[in-house]
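Structural features, examined
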Amino acid sequence: GGGARYPYPKEVWSPAGGWWTRPSNWKSNTAIAFAGILAVAYGVFTISADKERRLVQPTRPIPSMRWAKEYREQKEAA
């Protein structure tokens, strides 16, 4: 795909690895990056759920009522 590889300058440095790079540990690098993204997303979700407050109460159940601190406290008190 894409044609033959052409000659490229060897003295050019690239932080991405240069031309036609294929690191042998790409699977583990991808897994580490994915785990980091998941950890950050979980942290953001947890903080957001703890800080969520509704000034106008919904008239019907909404999905965030399952994890928002405001509604969990009401459920535990009842």
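This text gives an overview of the structure that appears in the document. What you see is a predicted model, and the numbers here were worked out from it, not measured in a lab. In this numbering scheme, every chain counts its residues from 1 along its sequence in written order. Where totals are concerned, whole chains, interfaces and linings use all residues; where local detail is concerned, this predicted model gives features only for residues with pLDDT of at least 70, and gives and counts side-chain atom pairs only at 80 or more. Excluding hydrogens and water, the side-chain values take into account all heavy atoms of the structure.

A separate point is the overall build of the protein chain. Scanning the protein chain from N- to C-terminus turns up 2 helices and 0 strands. As a reference, a globule follows 2.2 Å times the number of residues to the power 0.38, and the radius of gyration itself is taken over C-alpha atoms. Its C-alpha radius of gyration of 24 Å places the protein chain more than 25% over the 12 Å reference for a compact globule of 78 residues. Throughout this description, buried means an accessible area under 20% of the type-specific maximum (1.4 Å probe, protein chains only), exposed means over 50%, and partly exposed covers the range between. Within the span of the protein chain, comprising 78 residues, buried residues form 8% of the whole. When the 12 positive and 6 negative side-chain charges of the protein chain are each reduced to one mean point, those points stand 10 Å apart. Helix and strand assignments follow DSSP, with helices taken as H or I runs no shorter than four residues and strands as E runs no shorter than two, numbered in order from the N terminus. Charge assignment in this entry is limited to Lys and Arg as positive and Asp and Glu as negative, and neither His nor the chain termini are counted. Lysine's charge is taken at NZ, arginine's at CZ, aspartate's at CG and glutamate's at CD.

A side-chain nitrogen of Lys or Arg and a carboxyl oxygen of Asp or Glu constitute a salt bridge if their distance falls within 4 Å. What the rule picks out here adds up to 1 salt bridge. The partner of arginine 54 in a salt bridge is glutamate 52, and the shortest N-O contact between them spans 3.1 Å. Looking at arginine 54, the relative accessible area reads 32%, which means it is partly exposed. The class of glutamate 52 is buried, set by a relative accessible area of 17%.

Our focus in this paragraph is the side chain of glutamate 52. Take glutamate 52: it is sitting in the loop between α1 (26-51) and α2 (69-77). A polar contact of 3.1 Å, which involves the side chain of glutamate 52, links it to the side chain of arginine 54. Any two residues having at least one pair of non-hydrogen atoms within 4.5 Å are treated as being in contact. Residue contacts for glutamate 52: discarding those within four places in its chain leaves Ser64, Trp67, Ala68 and Glu70. The definition of a polar contact used here is a pair of N or O atoms within 3.5 Å, where within protein one atom must be able to donate a hydrogen and the other to accept one, and adjacent residues in sequence count solely through side-chain atom pairs.

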